[in-house]
Amino acid sequence: MYILDSSAFINEYHTDEQIASIPLVREELEDESAYRFDALEGSGMHMHIPDAETVEQIERAARETGDFDELSRTDIRLVAASFELDGTLVTDDYAMQNVAEKLNVTVEVIAREGIDDQRSWIYQCQGCGREFDDNHDRCPVCGSELSRKNPA
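Residues numbered from 1 in each chain as written. Predicted model: local features only at pLDDT ≥ 70, side-chain atom pairs only at ≥ 80, totals over all residues. Heavy atoms only, no water.

Student: In this structure, what is going on with the environment of Leu24? I would like to understand it.
Tutor: Looking at the element boundaries, Leu24 is found in helix α2 (residues 23–28). Leu24 sits 18 residues away from Ser6 along the chain, and the two C-alpha atoms are 9.4 Å apart. Every residue in contact with Leu24, bar those within four places of it in the chain, is listed here: Arg73, Thr74 and Arg77. (Helix = DSSP H or I, 4+ residues; strand = E, 2+ residues; numbered from the N terminus. Contact = heavy atoms within 4.5 Å.)

Student: I keep staring at the pairing of strand β6 (residues 122–125) and nothing clicks. Help me out?
Tutor: In regular strands, side chains alternate between the two faces of the sheet. As paired strands, β6 and strand β8 (residues 146–149) are joined by four bridges and run antiparallel to one another. Paired with Gln124 across the bridge in β8 is Ser147. Bridge count between β6 and strand β7 (residues 131–132): two bridges; the pairing is antiparallel. When the sheet's bridge partners are listed, Gln124 is paired in β7 with Glu131. What sits between β6 and β7 in their antiparallel hairpin is a turn of five residues, with Gly129 showing a positive phi close to 85 degrees. (Pairing = 2+ DSSP bridges.)

Student: What am I meant to see in the packing of helix α5 (residues 73–84) against helix α6 (residues 94–102) here?
Tutor: Working note: a packed helix pair is described by the angle between its axes plus the distance between those axes. As a packed pair, α5 and α6 sit with axes 10 Å apart at the nearest point and diverge in direction by 35 degrees. Crossing of α5 against α6: the hand is right-handed. Mapping the contact onto sequence places Asp75, Leu78 and Val79 in α5 and Met96, Val99 and Ala100 in α6. Looking at the contact of α5 with α6 residue by residue, the class counts come to five nonpolar, no polar and one charged. (Axes fitted to C-alpha atoms, helices over the stretch in contact; angles between N-to-C directions. Left-handed = near helix turned anticlockwise from the far one by under 90°. Nonpolar A, V, L, I, M, F, W, Y, C, P; charged D, E, K, R; others polar.)

Student: Please clarify how the side chain of Asp67 should be interpreted in this entry.
Tutor: Among the secondary structure elements, Asp67 is positioned in the loop between α4 (52–65) and α5. A polar contact is formed between the side chain of Asp67 and the side chain of Asn98, at a distance of 2.6 Å. (Polar contact = N/O pair within 3.5 Å; in protein donor to acceptor, adjacent residues only side chain to side chain.)

Written as structure tokens, this is what we have:
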């Protein structure tokens, strides 16, 4: 089963396999892509709402990789749906791909190249340069803003 992100509807993704999505994706779509969503739902696309426990598991994984702040509520639930349905996540979103890879969820990209390696991001203070594993609103040492940084 293929679980479709909004980019699948925007880029007119097609497959002969069974497809699924989540109701929140529809809210992100406008114009023709919204009509495509409605048409696929009307022709049998499975609508899935992931369990709260799975959503929490995905959120934990996203915090571990450093992608949590990059993911929307919809993104997290799409990864959760793919995890629960043991399906292939169809998306161009790099942060979603990174979290999916951590959870061994298969990903198919549409209009972009996929990620090469799974990453665990770190956060660096823009003032004092200290690095942290977890994101904070401000640096606990000097109070400056933090930015996400690739540890490689």
